[in-house]
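# Examination of the molecular architecture
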Amino acid sequence: MQGRPAHLRRRARVRGLAPDFVCNMTKQRTKSNKSLWVLLGGALLLRLVLAFVTDGYPYDMSCFVAWGDKLAAEGPAAFYSEGYFADYPPGYLWVLGLVGAIRAALHIAYESKWTYFLLALVPSLCDCGLAWLVYRTAKRSSRGVKEHTALVLTAFTAFNPLMLFDTGVWKQIDGAFALPLVFYAFLVARGPRHTVFYGIPAFFGGLALAVVDAEGLMLGVGVAALVLICQKNFTTRTLRRLAVIGAFFFFHAGWMQYMRTHVYTQGGKPMLAALGHVAQRGFVACLVVWAALYFGLRGRELPLYRPGRVLAGGIVAGAAVLTLLANCVPGFPSLGRLDDVLIFNDNWGTYRGTAWRITVESWLAQPVWRKLLGVGPGMMHTAVADWAGAGITDRMKTFYAAHNEYLELLLTTGAAGLAAWLWFVIAHLRRAAQNWLRPGVAPVTLALVSYLAHAVISIRVSMIFPEIMLLFALLQVFCLPEKGDTAAEKAPAKHGKKAKPDVPADHPGLARQWLPPILAAVVMMAVCGAASRVIFGFLY
């Protein structure tokens, strides 16, 4: 052996070590897979145990069981019938119909714990799917995430207290439409080599937009889209992707309209139902835009932010002008279904107009110091009752929130509280605009913009709001300058003393860097969730 050349001896040693190395890697991979499946299995088991020992949100439970029974007895074709309340799109109703069929076959009563178990089964599986996507995303990260760090991130997702409460205790289906949305982002991040012209992720992106079936959420998505087309990195490539997502969105909207040929009884006229009538034309238009950009430019990429800004400005200005004319000019001609959106009255937005009016009038009736400092968090209903007195109506009694976060802040925290919140928001969005091209800034900013737009017609849910603040914190971190960008000039050394040499700072590992904020966020959400039952009990 010693007489052989050095390179042959090294090759022999490598060959001798190779089986041991492969064996060790296989054992490590097997151990990691076992840990992952133990985490996911434990998360699923915990959710199902919680579902079995709790009763769920009573109103939704009665709706889910009734819809499942109706589907099992009459079939999907007769589900949307005249005068029958059903405010869910047909996508998830197949799951409820399966639950109803199982209950009918096994003679499971409504009050049985197994009913709640069956209702929570599919959302629990979707939550575990979300946790698995977090693990896969961490493993594919370009920063070289270690195995134990990926497992820690998966555990924090799988055992998030809010998700446990939402799925296991309340038995909501949020995970069912969150999963296709996250899966869309996961497929896009993998790149076009793993998809067909982004068709697969776009299908799930369109499904996630369509399955919600709420015009309020579409407001947030629309405002985020307007912000996106104004950025300098908005190009023909971005527009091409948006066209594919739009095509699948219109596909889903048309399918929902086809399934819902009868009355859809969710107070008012859902916007997605209206979009279903133009689904074919919208689908064809999106395909034409995609084909023109893909085949016409032949791989070239052109900036579109200037026409995007003109389009966004025209949409905002046009909406403002039409709103003013429809509300302030007597005899202004009707714009058809747009009147339901443009003309504000007490019935606007399923009686949101009433909530906004009584909130503003209650604030105007307060003394000056309460106008400045507010009546106190969670005290809107009391303030409205004191203001209305004997003239309070049954409709007014139903509002425990203003369905507009900004108006509610004006009444409960006063002009000073509203100004402080707006200053906080504007400062963060301004910093985001200055650092738009930094990794992570754009998606977090668009999520926040969507939430802030939706807040115009929605309430602030105390269980979810800590996650919004976590997004603001992430935005602040992503906007931090790189080392050396804003390094201040060092003061000259004093006479006779040598300047200390620069010592490179230690780079903490991902676990040390992310575990403290993640742990703090989870603890904060858990504490706020528990405290909200006491302090903000009116929301439950």
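Rules behind the numbers
Residues numbered from 1 in each chain as written. Predicted model: local features only at pLDDT ≥ 70, side-chain atom pairs only at ≥ 80, totals over all residues. Heavy atoms only, no water. Helix = DSSP H or I, 4+ residues; strand = E, 2+ residues; numbered from the N terminus. Buried < 20%, exposed > 50% of the residue type's maximum accessible area, 1.4 Å probe, protein only. Contact = heavy atoms within 4.5 Å. Areas by Shrake-Rupley, 256 points an atom, 1.4 Å probe, with all protein chains shown as cover. Axes fitted to C-alpha atoms, helices over the stretch in contact; angles between N-to-C directions. Parallel < 35°, antiparallel > 145°, perpendicular 65-115°, else oblique. Left-handed = near helix turned anticlockwise from the far one by under 90°. Nonpolar A, V, L, I, M, F, W, Y, C, P; charged D, E, K, R; others polar. Salt bridge = Lys/Arg side-chain N within 4 Å of Asp/Glu carboxyl O. Phe/Tyr/Trp six-rings, centres within 6.5 Å; stacked < 30°, edge-to-face > 60°. Lys NZ or Arg CZ within 6 Å of the ring centre and 35° of its normal.

## A word on the overall build of the chain
- Secondary structure summary: the chain contains 22 helices and 0 strands in total.
- Burial status across the chain gives 36% buried among its 540 residues.
- Across the chain, the fraction of contacts at a sequence separation of at least 24, relative to all contacts at a separation of at least 6, is 73%.
- When the accessible area of the chain is evaluated, it comes to approximately 31,100 Å², of which 68% is carbon and sulfur surface.

## Looking at the packing of helix α15 (residues 348-364) against helix α19 (residues 405-434)
- Between α15 and α19, the shortest axis-to-axis distance is 9 Å and the interhelical angle comes to 25 degrees. In terms of orientation, α15 and α19 fall into the roughly parallel class. Of the two possible hands of crossing, α15 and α19 adopt the one that is left-handed. Note on element contacts: α19 touches α15 through L407, E408, L410 and L411, opposite W356, T359, V360, S362 and W363.
- Taken together, the residues of the contact of α15 with α19 sort by class into 6 nonpolar, 2 polar and 1 charged.

## Details of the side chain of S458
- One can find S458 in the loop between α20 (441-454) and α21 (465-478).
- Residues in contact with S458, not counting those within four places in the same chain, are H403, N404 and E405.

## Section: the pattern of salt bridges
- Inspection of the entire model under this criterion finds 7 salt bridges.
- Of the charged contacts, one joins D69 and R103 as a salt bridge, the two residues approaching to 2.6 Å between their closest N and O atoms. Residue D69 is found in helix α2 (residues 58-74), and its partner R103 is found in helix α3 (residues 90-106); the two are separated by 34 residues along the sequence.
- Judged by its relative accessible area of 7%, R103 is buried.
- Overlapping salt bridges bring together D346, R357 and E361 as one network.

## Focus on the packing of aromatic side chains
- Using the criterion set out here, one finds 14 aromatic pairs in the structure.
- When the centroid spacing of 5.1 Å and the interplanar angle of 40 degrees are considered together, the rings of W348 and W356 count as tilted. The pair W348 / W356 is uniform in exposure class, with both members buried.
- A ring pair is formed by W421 and F472, whose centres lie 6.0 Å apart and whose planes are at 80 degrees; its orientation type is edge-to-face. Here the residue W421 occupies a position in helix α19, and F472 occupies one in helix α21, the gap between them amounting to 51 residues. Across this residue pair, the class does not change: W421 and F472 are buried.
- A connected cluster of aromatic rings, assembled from ring pairs, spans F52, W114 and F117.
- Above the face of the W363 ring, K371 is positioned so that its terminal group lies 5.9 Å from the ring centre.
- One cation-aromatic arrangement involves R395 over Y351; the distance from NZ or CZ to the ring centre is 3.7 Å.

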